[in-house]
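# Report on the structure
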Amino acid sequence: SSGINAEWPLRPGTEILSGTTSETKSFEPEVESSLSSGTELKNFGPNVAGGIVSPSSPPSGGEECTSPFPVEDADDEGSSGDEPPLLDDGLPEGADATPRDRQRTDSPFDIVQEDEIDAVKDDAERLIEEEKKLKEEEENAKKQSEESKSEWLNVLGNDSLKKKVLVNGIGNTLEKGQQVTIRYSLLLASGQEVESNVEQTFTLGDGEVISAIDLCCNLAKVGEKFDIVSNSRFAYESYGKSPSIPPEASVLIQCEVLQSEDTLPVEKLNEEERVAIGDRKRKIGNDYFGRSDFANASKNYKCATKYLDPPSYKLDKDDSEATVDLKFKTWCNLALSELKACNIPSGLVAAERAIELKPDSSKAYYRKGKLLFEKGEFEEAQKVLVQASKIDPSSVGCKQFLKEISSTIATQKRKQQQMYKKMFNLEKNPESTSDVASSDGPSWLQSAIPMAAASIAVGAFAVAGYFGLKSLSQ
């Protein structure tokens, strides 16, 4: 329509501020209604400021403004008909380029909207931070779990024995044969504490402690603290340790290496030092024997004899009577332990050495007799038991065992006679299980006499014929 200045087109949705009131109206409906009805809008000189169109003075032509907004205090100087020059951005000179909605920061609706946006942003940032923290915690937990698994050393590679170092030690790794002192606590898999803060000195590698401690200490240093998890195989096996440790029990051991020192050769130890080490091993052997662990018992008894009864050329003087008594006890115990473990040859050596130390001991003879009996040498065992009974006639054990040996020998002789009868077919009734000396027929000796005589006669004729032929040839 021609009534609207083409250079100042009003944009749809432009807010129009009334000159008398502070009402804000949209111009778009007005423009649409005017255009649709053909109404001419004349002399509506816009005063654009920040995107708001305000009424201005009518143009110099004197035509009235058809704007619905009344004009008050119109400036005559502004009604000259000359339009204010436009800037490059399409705004009149002197107009504020800042949008009006940015200037109106005091609107309660805008403040509420900004507060809501800020709150949403804060919540989003908080959720992002929480999610980030959760991911970090999960990663740390996973890392710690992996590190925890890697901290356990699989000593034998089959998960039956594991070691975890808690505090690193100093110096060199412990070596076999050293005298090592440890402090340990032992717990069952159920968490029950069996032993607490026990100090023990032992020779590394000699079997004085359970295999779990022996093997793990061989990888440790002085001052080191570590945990051991072991199944029953390297702990107390099927024997257990009455009354607190049942058979086939897995254990957790908390161990600390207090000190270690090299063990001097036997020839450089005095008698007191030798006896201290040897007697300690003997007592440990007794402990294993009490748990029916005869293999480890024998191992400790043998180690004890190395210190209690070394070769005489390694000693500068004879041992005291008390030391000789310990020697004798150790050899006797070794003989019995080897008997229980069915190591007969080694047991006989131990019994012989015990008899050498104390020839008047019936115990040593009794142990030797037992070993000979198990070997099957019944007559030799009988002789040894007879000698033991002479040394101690009041020994009930010797008498009973001697009767057992005599009965066994008699049974063996009967079996031999029956075997000979079967070999020569001398039995009247082969299927009979009667005694050899049966009253129903002649004894096998009576039957054998004619045969023996015939054999002798044949042999005599053969010899005579041989010499006769020899004389004729000459």
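First, a word on scope: everything that follows refers to the structure included in this document.

Scoring rules and cut-offs
Residues numbered from 1 in each chain as written. Predicted model: local features only at pLDDT ≥ 70, side-chain atom pairs only at ≥ 80, totals over all residues. Heavy atoms only, no water. Helix = DSSP H or I, 4+ residues; strand = E, 2+ residues; numbered from the N terminus. Buried < 20%, exposed > 50% of the residue type's maximum accessible area, 1.4 Å probe, protein only. Contact = heavy atoms within 4.5 Å. Phe/Tyr/Trp six-rings, centres within 6.5 Å; stacked < 30°, edge-to-face > 60°. Lys NZ or Arg CZ within 6 Å of the ring centre and 35° of its normal. Core = buried A, V, L, I, M, F, W, Y, C linked by side-chain atoms within 4.5 Å. Axes fitted to C-alpha atoms, helices over the stretch in contact; angles between N-to-C directions. Parallel < 35°, antiparallel > 145°, perpendicular 65-115°, else oblique. Left-handed = near helix turned anticlockwise from the far one by under 90°. Nonpolar A, V, L, I, M, F, W, Y, C, P; charged D, E, K, R; others polar. Disulfide = S-S within 2.5 Å.

Our focus in this paragraph is the side chain of Ser 230. By the secondary structure assignment, Ser 230 is in strand β9 (residues 225–230). For Ser 230, a relative accessible area of 2% puts it in the buried group. With residues up to four places along the chain from it excluded, the contact list for Ser 230 reads Ser 160, Leu 161, Ala 212, Ala 235, Ser 250 and Val 251.

Attention shifts here to the packing of aromatic side chains. Any two aromatic rings considered together are summarised by their centre-to-centre distance and by the angle between their planes. Taken as a whole and judged by the stated rule, the model has four aromatic pairs. On the basis of an interplanar angle of 65° and a centroid distance of 5.8 Å, the ring pair of Tyr 366 and Phe 401 is categorised as edge-to-face. One end of the pair, Tyr 366, is in helix α9 (residues 362–375); the other, Phe 401, is in helix α11 (residues 396–424), with 35 residues separating them in the sequence. The interplanar angle of 75° and the centroid separation of 5.4 Å between the aromatic rings of Phe 373 and Phe 401 together place this pair among those described as edge-to-face. With Phe 373 in helix α9 and Phe 401 in helix α11, the pair connects residues that are 28 residues apart, well separated along the chain. Look at Phe 373 and you get buried, because its relative accessible area is 15%. A connected cluster of aromatic rings, assembled from ring pairs, spans Tyr 366, Phe 373, Phe 378 and Phe 401. The ring of Phe 226 carries Lys 163 above its face, with NZ or CZ at 4.8 Å from the centroid.

Topologically, Val 155 is positioned in the loop between β5 (152–154) and β6 (161–167). What makes Val 155 partly exposed here is its relative accessible area of 22%. It is 9.6 Å that separates the C-alpha atoms of Val 155 and Ala 212, two residues lying 57 residues apart in sequence.

Grouped together as the largest cluster of nonpolar side chains are 33 residues, with contacts concentrated most on Leu 371 and Ile 405. Those elements giving two or more residues to this core turn out to be α5 (271–290), α6 (294–308), α7 (321–340), α8 (344–357), α9, α10 (378–391) and α11.

Turning our attention to the packing of α7 against α8. Where α7 contacts α8, the two axes come as close as 8 Å, and the packing angle between them is 155°. In terms of their interaxial angle, α7 and α8 are classed as roughly antiparallel. In this structure, α7 meets α8 at a crossing whose hand is left-handed. The residues of α8 that touch α7, namely those facing Lys 327, Phe 328, Trp 331, Cys 332, Leu 334, Ala 335, Glu 338 and Leu 339, are Ile 344, Ser 346, Gly 347, Ala 350, Ala 351, Arg 353, Ala 354 and Leu 357. Taken together, the residues that form the contact of α7 with α8 break down as 11 nonpolar, two polar and three charged.

Looking now at the state of the cysteines. Per the counting criterion, the structure on display carries zero disulfides. Sulfur of Cys 216: no disulfide; nearest cysteine sulfur belongs to Cys 217 and is 7.3 Å away.

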